[in-house]
Amino acid sequence: MAPDYTIGFTQKEVEAIMATQKKELAKVLVSFSDNGTQAVRRKLDDINAIISACQKALVKMDPAKYGAKHNTMVSSVPRRICK
């Protein structure tokens, strides 16, 4: 279960955690592409879980800045009958 970074952390702290994990992710991805061992794969999963928890916390803390963008599409069908 991923930690809830909205409890006991400020927005700046969560952003710092996420920045650190993004740097670590870059290192692990290079290592993963070189050898692909089980230990590297497990570390990659852990980093992704922390980044995901940070993203969820940031959306809760500042939905205007980090919330999902809502795109709306409209489609229509012309009402002509072909003869």
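Asker: Please set out the nonpolar core residue by residue, giving values where relevant.
Answerer: Of all hydrophobic cores here, the largest spans 13 residues; its most connected members are Tyr5 and Val14. The set of elements that each furnish at least two residues to this core consists of α1 (11–34) and α2 (38–61). With 8 residues, the top contributor of residues to this core is α2. With residues near it in sequence (within four places) discarded, tyrosine 5 still touches Val14, Ile17, Ile50, Ala53, Cys54, Ala57 and Met61.

Asker: Kindly report on the pattern of salt bridges, identifying the contributing residues and their values.
Answerer: Counted by the stated rule, this structure contains 3 salt bridges. A salt bridge links lysine 27 to glutamate 24; the shortest N-O distance between them is 4.0 Å. Placement of both lysine 27 and glutamate 24 in helix α1 is noted, with a separation of 3 residues, approximately one turn of the helix. On the basis of relative accessibility, which here comes to 23%, the residue glutamate 24 falls in the partly exposed class. Lysine 43 is paired through a salt bridge with glutamate 24; the nearest N and O atoms lie 3.0 Å apart. Of this pair, lysine 43 sits in helix α2 while glutamate 24 sits in helix α1, and the two are 19 residues apart along the sequence. One continuous salt-bridge network, built from bridges that share partners, spans Glu24, Lys27 and Lys43.

Asker: Let's hear about the side chain of glutamine 21: which residues, and what values?
Answerer: Residue position: glutamine 21 is located in helix α1. Non-local contacts of glutamine 21, meaning those with residues more than four positions away in its chain, are made with Ile47, Ile50 and Ile51.

The rules behind these values
- Residues numbered from 1 in each chain as written.
- Predicted model: local features only at pLDDT ≥ 70, side-chain atom pairs only at ≥ 80, totals over all residues.
- Heavy atoms only, no water.
- Core = buried A, V, L, I, M, F, W, Y, C linked by side-chain atoms within 4.5 Å.
- Buried < 20%, exposed > 50% of the residue type's maximum accessible area, 1.4 Å probe, protein only.
- Helix = DSSP H or I, 4+ residues; strand = E, 2+ residues; numbered from the N terminus.
- Contact = heavy atoms within 4.5 Å.
- Salt bridge = Lys/Arg side-chain N within 4 Å of Asp/Glu carboxyl O.

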